[in-house]
Amino acid sequence: MAQMRYREALNAALREELQRDERVVLMGEDIGVFGGAFKVTEGLLEEFGERRVRDTPISENTIVGVGVGAAMTGLRPVVELMTINFALLAFDQIVNHAAHIHYMFGGQARVPLVVRMPQGAGHQLGPTHSHCLEALFLHVPGLLVAVPSTPADAKGLLKTAIRNENPVVFIEHESLYGLRGEVPEGEELVPFGRARVAREGSDVTIVGISRMALTAERAAERLASEHGVQAEVIDPRTLRPLDLDTILASVRKTNRCVIVEEGWPHGGVGANLAALIAEQAFDDLDAPVQRVTGADVPMPYSKPLEDIAYPHEPQVVHAALLALGREPAIAGSAAAEAAGVHGSGA
């Protein structure tokens, strides 16, 4: 095991896969000479040359389109977009082409493409740089969606993504790039479709998406120390495929569930999970599924407003206490709405 930052773990995964397979190529804006907007690709141009680490024009539709074509002809491209919001400019290439070419060609062509992109609030970058849009990609059959929250998972899932025969939307969180953690050395892949049980507990299940998995862990610590509540925390790691079995097994043990995501509430990951849990574990639930989400607004630029536009530990604690039927620290529907807490019927 080695201590690495999240960005260093991603860099290590890219380096190892470039060394292992000459078909792997990197493409993106400023990924070469500049080393990437978040320094994930730093040093790779010098090591592997501009044939395999390519700076591109500022055109997301073009970048992903070239990646799709390269993947179809036998390469294994890893495309970097500067932020997930810019992926909307390439939505035609991602949804209409990358996701569906294998089907449209009757299985004769594959698109082993990885599209890496960061997301998330906390940096005062405004609405066009700060949203969590994993739900848009989760909606599309033909795409795999990974949302690693730890350095170890960042490395292991990225290596798995690069070796996969299907297009993978690989979503990182801007606030995690400096996070340190233990990372296995060598050939340690993290399989898709296998959730991480970050903390075991018996009173309530908390499912955290992307950075919110870490927020959920901190909330669980507060629940234990301040309220005597033992929460089980689950990090899905991938949303397609989804390890629903692990989530359902936890809900059947705790009989209560809270889902925490940074994205918007309507049509979000939490809404999808709440429906699945209600469909498949209804008789095991002793309370409605609670959802903690980002505010249903464009991300504010103002720092104080931005801070209250995405979830923190108090909102997760509040939702867990609601699920347990205890008098929560934040009382009343108006306060709960401001905290981004929603029952399963919201």
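Structure: above.
Keep in mind that what you see is a predicted model, and the values were worked out from it rather than measured.

A. Representation of the environment of Arg51. Structurally, the position occupied by Arg51 is in the loop between helix H2 (44-48) and strand S3 (53-55). With a relative accessible area of 61%, Arg51 lands in the exposed category. Sequence-wise, Arg51 and Ala198 are 147 residues apart; in three dimensions their C-alpha atoms are separated by 40 Å.

B. Focus on the sheet that holds strand S4 (residues 76-80). Ordered by their spatial adjacency, seven strands build an open sheet running S3-S2-S4-S5-S7-S6-S12, and the pairing between neighbours is mixed. In this open sheet, the two strands that pair with only one neighbour each are S3 and strand S12 (238-240). Strand-to-strand, the axes of this sheet are offset by a mean angle of 20°, without reference to chain direction. Alignment of strand S6 (residues 144-146) against strand S7 (residues 168-173), held across three bridges, turns out to be parallel. Its bridge partner lying in S7, Val145 is registered against Val169.

C. View of the pairing of S7. For S7, the tally of buried residues reaches six of six residues, placing the bulk of the element in the interior. As paired strands, strand S5 (residues 114-119) and S7 are joined by six bridges and run parallel to one another. The residue of S7 that forms the bridge with Gln119 is His173. With respect to chirality, the unit in which S6 leads through helix H7 (residues 151-163) into the neighbouring parallel S7 is right-handed.

D. Highlighting the pattern of salt bridges. Throughout the structure, instances matching the rule amount to 22 salt bridges. Glu313 serves as the salt-bridge partner of Arg218, at 3.0 Å between the closest nitrogen and oxygen. One end of the pair, Arg218, is in helix H8 (residues 212-227); the other, Glu313, is in helix H12 (residues 313-323), and 95 residues separate them in sequence. Taken together, the shared-partner salt bridges connect Glu16, Glu17, Arg20, Asp21, Arg23, Lys155, Lys159 and Arg163 into one network.

E. Broad picture of the packing of aromatic side chains. Overall, the coordinates contain three aromatic pairs when judged by the stated rule. Ring centres of Tyr6 and Tyr177 lie 5.9 Å apart, and the angle between their planes is 75°; this geometry places the pair in the edge-to-face category. In this pair, Tyr6 is assigned in helix H1 (residues 6-20) and Tyr177 in the loop between S7 and strand S8 (180-183), connecting sequence segments 171 residues apart. Judged by relative accessible area, Tyr6 falls into the buried class, the value being 0%. Between the aromatic rings of Phe91 and Phe137, the centroid separation amounts to 5.5 Å while the plane-to-plane angle is 70°, which identifies the pairing as edge-to-face. Within this pair, whereas Phe91 is found in helix H4 (residues 91-98), its partner Phe137 is found in helix H6 (residues 134-138), the two being separated by 46 residues in sequence. Judged by its relative accessible area of 27%, Phe91 falls in the partly exposed class. Sitting over the ring of Phe34, Lys39 keeps its end group 3.7 Å from the ring centre.

F. Summary view of the nonpolar core. Grouped together as the largest cluster of nonpolar side chains are 48 residues, with contacts concentrated most on Leu113, Phe137 and Ile277. Elements supplying a minimum of two residues to this core: helix H3 (60-72), H4, S5, H6, S7, helix H9 (244-254), strand S13 (257-260) and helix H10 (269-280). Here Phe137 is in contact with Ile84, Ala87, Phe91, Ile94, Met117, Leu143, Val145 and Val169, once residues within four sequence places are set aside. Counting residues in each nonpolar core, the second largest holds 29 residues, with Val40, Val53, Leu144 and Ala161 among its members.

G. Summary view of a nonpolar patch on the surface. Where nonpolar side chains cluster on the molecular surface, the patch consists of Met72, Tyr103, Met104 and Phe105 and spans about 490 Å² of accessible area. With respect to the element layout, Phe105 can be found in the loop between helix H5 (101-104) and S5. Here Phe105 falls in the partly exposed class, since its relative accessible area comes to 40%.

H. Here's a closer look at H8. Its 16 residues give H8 an end-to-end C-alpha distance of 21 Å, which sits within 8% of 22 Å, the value for a rise of 1.5 Å per residue. Of the residues making up H8, those classed as buried are Met212, Ala213, Leu214, Thr215, Ala216, Ala219, Ala220 and Leu223. Those residues of H8 that are buried lie in contact with strand S9 (196-199), strand S10 (204-208), strand S11 (231-235), S13 and H12. Of the residues trailing H8, Gly228 is marked for its positive phi of about 70°.

Calculation rules
Residues numbered from 1 in each chain as written. Predicted model: local features only at pLDDT ≥ 70, side-chain atom pairs only at ≥ 80, totals over all residues. Heavy atoms only, no water. Helix = DSSP H or I, 4+ residues; strand = E, 2+ residues; numbered from the N terminus. Buried < 20%, exposed > 50% of the residue type's maximum accessible area, 1.4 Å probe, protein only. Pairing = 2+ DSSP bridges. Axes fitted to C-alpha atoms, helices over the stretch in contact; angles between N-to-C directions. Right-handed = clockwise from strand over helix to strand, strands pointing away. Salt bridge = Lys/Arg side-chain N within 4 Å of Asp/Glu carboxyl O. Phe/Tyr/Trp six-rings, centres within 6.5 Å; stacked < 30°, edge-to-face > 60°. Lys NZ or Arg CZ within 6 Å of the ring centre and 35° of its normal. Core = buried A, V, L, I, M, F, W, Y, C linked by side-chain atoms within 4.5 Å. Contact = heavy atoms within 4.5 Å. Patch = residues over 30% accessible without salt bridge, like charges linked within 9 Å, V, L, I, M, F, W, Y side chains within 5 Å. Areas by Shrake-Rupley, 256 points an atom, 1.4 Å probe, with all protein chains shown as cover. Expected span 1.5 Å × (residues − 1).

Functional significance is not addressed by these values, which are geometric in nature.
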